[in-house]
There are 2 protein chains.
Amino acid sequence: METQNFLLLKLAKIMHKVFQELKKRFDKLNDEEIKISTEQLGLLRSICLEEDDVIQKDMAEIMGKDKSSILRLINSLEEKDLIRRVVDNKDRRKNYLMVTKTGHRVMERYMLIVNELMLEIQQGLNKSDKEVFSKVVNHIVIKTGEL
Amino acid sequence: METQNFLLLKLAKIMHKVFQELKKRFDKLNDEEIKISTEQLGLLRSICLEEDDVIQKDMAEIMGKDKSSILRLINSLEEKDLIRRVVDNKDRRKNYLMVTKTGHRVMERYMLIVNELMLEIQQGLNKSDKEVFSKVVNHIVIKTGEL
DNA sequence: CATAATAGTTGCAGATATCAACTAATTATT
DNA sequence: AATAATTAGTTGATATCTGCAACTATTATG
């Protein structure tokens, strides 16, 4: 019973650590390049990972943040030319958030670092463990989706 | 290869969702009670979970934040009478962070909610899957500890 | 004793967050 | 078709959290 609580807290701790490490490595890489904050990167990442084109409101829901928060993050990403607002012809209230070439390049570079770190972390795990882990994560994705 | 990246991002997403849900349930509970922010709760949680008594500097290291950040979070927790600074007799530079009765009560209440949500999320998983998951998490704890 | 190192504090500046009030565009209602 | 309601986005105000650098107080070291 208590084990499961601590597991969650452990998970929180390692996620924090992993993203901290990722940010550190990413910052190091981007010394003279585009400086991007964790939140900005998180939003960019989310936009990239969505199946369909999204508008600001979608991202507010997906990220679980206020629409004005998203708006300001979008502003900063647009200033850095990582994404671009494109007005929907059919409904001019909507701004589609399109990732620019630079944005994709930044994400790719980020993904390489993620990849590298993941390999480091996975060392010593066998295939079946990884599969079960992946299965459980997917299970939790579904369960949290129901919340 | 790519699978593992997305696994991390998936994990990040579910953690975000879980803590969001936890905060929501916790806020609902604490309508007239102590209002506490996510960061404050996170710090209180960490202090409670440590084996030994800690000082501010320890928490800065554990949480991976600047000591001044911790200091201010401690201030807000102390204002709410959830923790108390106690000067070390042998080294008067050090403030031990002692959790008050109220602090423990708040944490217990929080843990109950965590517990409840964990049970909801785990429904449908068999024992062996949970064990493997736990094992992998522990593996990652060790690996991230080496970073 | 003078100097280093350590723990904590304060001031400053920047990023993020939410809330509420607002505009503009679209849809629904009468 | 005119009016009202809804939706998407924006803005202003305010609060929280963050790190950095400079500072104080205390302890350790030479």
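Whatever comes next refers back to the structure up there.
First, a word on scope: everything that follows refers to the structure included in this document. If you're wondering where the values come from, they're calculated on a predicted model, not measured in any experiment. (Residues numbered from 1 in each chain as written. Chains lettered and ligands numbered in written order. Predicted model: local features only at pLDDT ≥ 70, side-chain atom pairs only at ≥ 80, totals over all residues. Heavy atoms only, no water.)

This part takes up unusual backbone geometry. Look at Asp 81 of chain A: it is not a glycine, yet its phi comes out positive at around 60 degrees. In this fold, Asp 81 of chain A is placed in the loop between α4 (67-79) and β1 (83-87). (Helix = DSSP H or I, 4+ residues; strand = E, 2+ residues; numbered from the N terminus.)

Residues and elements named next belong to chain A. Locating Asp 88 in the fold gives a position in the loop between β1 and β2 (95-99). Although Asp 88 is buried, it makes no salt bridge; Lys 94 carries the closest opposite charge, 4.8 Å away. A polar atom in the side chain of Asp 88 sits 3.5 Å from the side chain of Tyr 96. (Buried < 20%, exposed > 50% of the residue type's maximum accessible area, 1.4 Å probe, protein only. Lys, Arg positive; Asp, Glu negative; His and termini not counted. Salt bridge = Lys/Arg side-chain N within 4 Å of Asp/Glu carboxyl O. Polar contact = N/O pair within 3.5 Å; in protein donor to acceptor, adjacent residues only side chain to side chain.)

In the vicinity of DNA strand D lie 24 residues, with Leu 71 of chain A together with Ser 37, Lys 65, Asp 66 and Arg 72 of chain B positioned nearest. Within 4 Å of the protein, the contacting atoms of DNA strand D are 62% sugar and phosphate, with bases supplying the remainder. At a separation of 2.8 Å, a phosphate oxygen of DNA strand D approaches a polar backbone atom of Lys 57 of chain A. Here a phosphate oxygen of DNA strand D sits 3.3 Å away from a polar atom, N or O, in the side chain of Glu 39 of chain B. (Near = heavy atom within 4 Å.)

Right, let's get into the environment of Leu 9 of chain A. Along the chain, Leu 9 of chain A falls in helix α1 (residues 2-29). The class of Leu 9 of chain A is buried, set by a relative accessible area of 7%. Among all residues touching Leu 9 of chain A, those that are not within four sequence positions of it are Arg 45, Leu 49 and Met 111 of chain B. (Contact = heavy atoms within 4.5 Å.)

Residues in contact with DNA strand C amount to 24 residues; listed here are only the nearest, Ser 37 and Lys 65 of chain A together with Lys 57, Leu 71 and Arg 93 of chain B. Here the atoms of DNA strand C within 4 Å of the protein split so that 62% fall in sugar or phosphate, with bases taking the remainder. In this structure, a phosphate oxygen belonging to DNA strand C sits 2.5 Å away from a side-chain N or O atom of Lys 65 of chain A. Here Arg 72 of chain A contributes a side-chain N or O atom positioned 2.9 Å from a base oxygen of DNA strand C.

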